[in-house]
Amino acid sequence: MSIWKKLLWFGVAALGTRAVAILALSRGEHISALWIVIAGFCALSISYRFYSKWLATKVLVLNEERATPAVLQNDNKDYVPTNRWMVFGHHFAAIAGPGPLVGPVLAAQFGFLPGTLWILIGATLGGGVHDMIVLFASIRRGGKTLGQMVKEEIGPGVGLLALVSVLAIMIILLAVLALVVVQALAQSPWGVFTIAVTIPLALIMGIALRTGKVSVVAITIFGLLGLAFGVWGGQFLAHFPAIEAWFRHDQKWLAWAIMIYGLAASILPVWMLLTPRDYLSTFLKLGTVAMLAAAVVLINPTLQMPAITKFIDGSGLVFAGPVFPFVCITIACGAVSGFHSLIASGTTPKMIRRESRIRSIGYGAMVTEMMVALMAMIAACVLQPGEYFAINTKGAPAEVIAKVSAVGFPVTETQMQKLAANLGETTMFNRAGGAPTFAVGMAHMFSRVSAKPSALALWYHFAIMFEALFILTTIDAGTRVGRFLLQDFLGNLWRPLGNTRSWSANFFSSVLLVAAWGWFLYEGVIDPLGGINSLWPLFGLANQLLSVVALCLGTTLLIKMHKTKYLFVTLVPLCFMCAVTFSAGYLKVFSPDPRLGFLSGAQSLLREASGIADPAKAAELIRQAGVWRFDAFVAVFFLVLVLAIVLGSARQWWQLIRRTRRVVLHESEFVPITPAQLAQF
């Protein structure tokens, strides 16, 4: 490296350090949101340039001459060698679900500093490593899924536990993701129109690319023009009531539509619908995030939220729980996400042509998602704190105003009514969940570029549609990966069901999987107080538990590759994530605070029901108490399974290290090692 390049990278490191120092040390003054963007850009640049390259060349030793599963097993259905930009687009679209948008918004209740630090550290040292090593392992093992690899590399007993836990967690994750999309698109013709346009566009792009007669550039231009029409044209549906009625639907209709779409995405060849649609939506995702970054640079908004709030002790208005471990659990996909391991061992490894792409797709997509999470943090923190908490706090308007003002963030009903009117909404109370808050923050920044009075409402509804599209691309890839996992499990019961080349086995497994998460989705739609809504608190916990399983696999593989001197690469994030997930799980189940603990919450509801004279209200409280107890059972079930996997992995590590030491001693005596001896490793 030349002296000028060294000076350049030293300058980038110094600028990033200064940005983090300003964010961490400034108190009692408003800070520009630009410092978060600078810190993120510097962390992305340095970690990708140096750390990911070191991982690729020294730890994993990527080999450009090795044929990948996409080339060796090309079946024109699941294993399809694909253009690297399309693979990146598919992978990024699949992993970037609600976590990087919703998670940082909710975590903003602790202040902007805890979430920003976790996103920067977690994504570069944990999430990127997690994604990259699972993608590498799957490619080196013929595109096998996470459950298959755990079974083969750690042991059949641990592998069976991993298959069961991953499948159960996968069903819950997909149902929650689908419910978020349904709620965002209900009675929203613009959003439904945009998403509907992307489906035929993807089919045309996939077929055209498959013929080999049309270049990727031409197909991309065609797709972008069609996408622009879908995004821009949806706002004019209000002028054509008859056409608008085609795209205005309730939650039940949308739930069935998403189930049918998920089934089609799982069964059809990957090149026909899944890859081109995800590639197309990535342009909208990255384009919108780039626009957000540009808006921060041009507008230079001020962070209204304090660096650290009083809610770090667990008394938050948005959700209960102390800053550790719940800032990590809440942010989820923006830093470390177990769901990424399912994509990295599901669809993506079956499309990569060359091993060198593992670095840009595995690590590169993760640090790109880190920037999305930072943009979401900025969108939440540029709002007035009173408005932020009023939007995300449940209760009657007067009660919410009194509660938020009492904790030091004054807000008035008149202020909230004006905000709702400017956004084109009837009210902004009881909009908890993070998605509306992100949309308000995004609209707040974009509208400052335009002088039109309707700009705020226009950008708000664009942001809602953008979030729905962002999450839907995770559902289609997730359903296909879930089908692979289910076939792994069913293949143990009856071998033909595990054959991914059989159309009938694929169809049967896809129907079974969609029916599983579709049932929870529909229950959540028809019963908003129960069903999948009751499992929402488990979403972050389940997602992080998956990352523990994936990091256990990564540690095992490094030992088998005789890379014990590099074990800190996976062991450090593994130990941290174990501390996060098991402490969070314990608090969610056994905390005496009824706002936090499932069991204490259920007991509180039962005591409340016993003092109510109205039988209907009492029955509803008793039913809700049963839901909380079910949540506790599910959380304990997941925790026990993952703990068994960790203990089983640790036992395997000890045995492998002892055997490896014996081999090293043998080699030091210059005694040749036979192929049979090497085979056992």
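Residues numbered from 1 in each chain as written. Predicted model: local features only at pLDDT ≥ 70, side-chain atom pairs only at ≥ 80, totals over all residues. Heavy atoms only, no water.

Participant: Outline the overall build of the protein chain, supporting the account with residue identities and numerical values.
Facilitator: The number of helices and strands found in the protein chain is 27 helices and two strands. In summary, the protein chain has a C-alpha radius of gyration of 25 Å against a globular reference of 26 Å for 681 residues, a match within 12%. Reported as C-alpha extents along the three principal axes, the dimensions of the protein chain are approximately 85 × 60 × 60 Å. In the protein chain, which comprises 681 residues, the proportion classed as buried is 58%. (Helix = DSSP H or I, 4+ residues; strand = E, 2+ residues; numbered from the N terminus. Rg over C-alpha atoms; globule rule 2.2 N^0.38 Å. Buried < 20%, exposed > 50% of the residue type's maximum accessible area, 1.4 Å probe, protein only.)

Participant: Which residues make up unusual backbone geometry, and what values do they have?
Facilitator: Cis peptide bonds are those with omega within 30 degrees of zero, and the linkage from Phe324 to Pro325 qualifies with 15°. Note that Pro325 resides in helix H14 (residues 323-331). Positive phi is not limited to glycine here, since Asn300 has a value of about 55°. The topology assignment puts Asn300 in the loop between helix H13 (274-299) and strand S2 (302-303).

Participant: Account for the packing of aromatic side chains, naming residues and giving values.
Facilitator: Within this structure, the stated rule accounts for 22 aromatic pairs. Between Phe88 and Phe92, the ring centres sit 6.3 Å apart and the planes meet at 0°, which makes this aromatic pair stacked. Highlighted residues: Phe88 and Phe92, both in helix H4 (residues 84-95), separated by four residues, approximately one helical turn. Each member of the pair Phe88 and Phe92 is classed as buried. (Phe/Tyr/Trp six-rings, centres within 6.5 Å; stacked < 30°, edge-to-face > 60°.)

Participant: Please give an account of the packing of helix H9 (residues 189-211) against H13 that cites residues and values.
Facilitator: Relative to each other, H9 and H13 sit at 125°, their axes nearing to 8 Å. Taken together, the axes of H9 and H13 are oblique relative to one another. As H9 runs across H13, the sense of the crossing is right-handed. From H9, Ile195, Thr198, Ile199, Leu201, Ala202, Met205 and Gly206 reach across to H13, where they touch Pro276, Arg277, Tyr279 and Leu280. Taken together, the residues that form the contact of H9 with H13 break down as eight nonpolar, two polar and one charged. (Axes fitted to C-alpha atoms, helices over the stretch in contact; angles between N-to-C directions. Parallel < 35°, antiparallel > 145°, perpendicular 65-115°, else oblique. Left-handed = near helix turned anticlockwise from the far one by under 90°. Contact = heavy atoms within 4.5 Å. Nonpolar A, V, L, I, M, F, W, Y, C, P; charged D, E, K, R; others polar.)

Participant: Describe in detail a nonpolar patch on the surface, supporting the description with residues and values.
Facilitator: Together, Phe229, Trp232, Phe236, Phe240, Ile243 and Trp246 make up a nonpolar patch on the protein surface, roughly 680 Å² of accessible area in all. Here Phe236 is to be found in the loop between helix H10 (216-233) and helix H11 (241-247). Overall, the relative accessible area of 31% leaves Phe236 in the partly exposed class. (Patch = residues over 30% accessible without salt bridge, like charges linked within 9 Å, V, L, I, M, F, W, Y side chains within 5 Å. Areas by Shrake-Rupley, 256 points an atom, 1.4 Å probe, with all protein chains shown as cover. Salt bridge = Lys/Arg side-chain N within 4 Å of Asp/Glu carboxyl O.)

Participant: Run through the side chain of Asp75, naming residues and quoting values.
Facilitator: Inspection of the secondary structure puts Asp75 in the loop between helix H3 (69-72) and H4. In terms of polar contacts, Asp75 uses its side chain to reach the backbone amide nitrogen of Asp78, at 3.0 Å. Within polar-contact distance, the side chain of Asp75 engages the backbone nitrogen of Tyr79 at 2.8 Å. (Polar contact = N/O pair within 3.5 Å; in protein donor to acceptor, adjacent residues only side chain to side chain.)

Participant: Tell me about the pattern of salt bridges, and please be specific about residues and values.
Facilitator: For the coordinates displayed, the defined rule picks out ten salt bridges. Between Glu355 and Arg140 there is a salt bridge, and its shortest N-O distance comes to 2.6 Å. One end of the pair, Glu355, is in the loop between helix H15 (339-344) and helix H16 (357-381); the other, Arg140, is in helix H6 (residues 112-140), with 215 residues separating them in the sequence. For Arg140, a relative accessible area of 25% corresponds to the partly exposed category.

Participant: Any details on the confidence of the model for the protein chain? Residues and values, ideally.
Facilitator: Averaged over the protein chain, the pLDDT score is 84; the fraction of residues at 70 or greater is 94%. Scored below 50 in pLDDT, residues 662-681 shows eleven contacts in the model against residues more than four places distant or in partner chains. (pLDDT = per-residue confidence, 0-100.)

Participant: So what about helix H24 (residues 568-590)? Which residues, and what values?
Facilitator: Think of an α-helix as turning once every 3.6 residues; residues three or four places apart then point the same way. Taking 1.5 Å per residue as the helical rise, H24 with its 23 residues ought to reach 33 Å, and the 32 Å between its terminal C-alpha atoms agrees with that figure. Buried residues of H24: Val569, Thr570, Pro573, Leu574, Met577, Cys578, Val580, Thr581, Ala584, Gly585, Lys588 and Val589, and no others. (Expected span 1.5 Å × (residues − 1).)

Participant: Before we move on, could you go through the state of the cysteines and cite the residues and values that matter?
Facilitator: Here a disulfide denotes a covalent bond joining the sulfur atom of one cysteine to the sulfur atom of another. The final tally for this structure, using the stated rule, is zero disulfides. In this structure Cys42 is not part of a disulfide, and its nearest cysteine sulfur, from Cys381, lies 20 Å away. With no disulfide of its own, Cys333 has Cys328 as its nearest cysteine by sulfur position, at a separation of 13 Å. (Disulfide = S-S within 2.5 Å.)

Participant: Give a detailed account of helix H18 (residues 397-406), specifying residues and quantitative values.
Facilitator: Where H18 is concerned, the buried positions are Val400, Ile401 and Val404. Along the long axis of H18, the arc covered by the buried residues comes to 100°, so they all point the same way. Its buried side turned inward, H18 meets helix H17 (385-392) and helix H19 (413-423). Downstream of H18 by a residue or two, Gly408 has a phi angle that is positive, lying close to 100°. (Arc of directions from axis to C-beta.)

Participant: So what's going on with the side chain of Asn506? Which residues, and what values?
Facilitator: Its location among the elements puts Asn506 in helix H22 (residues 503-526). The exposure class assigned to Asn506 is buried, which follows from its relative accessible area of 3%. In this structure, Asn506 is in contact with Lys77, Arg483, Gln487, Asn499 and Thr500, ignoring residues within four places of it in sequence.

Participant: Run through the packing of H16 against helix H20 (residues 435-447), naming residues and quoting values.
Facilitator: At their nearest, the axes of H16 and H20 sit 8 Å apart, and the two run at 80° to each other. On the basis of the axis angle, H16 is roughly perpendicular to H20. Seen from H16, the contacting residues are Ala376, Ile378 and Ala379; seen from H20, they are Phe438, Gly441, Met442 and Met445.

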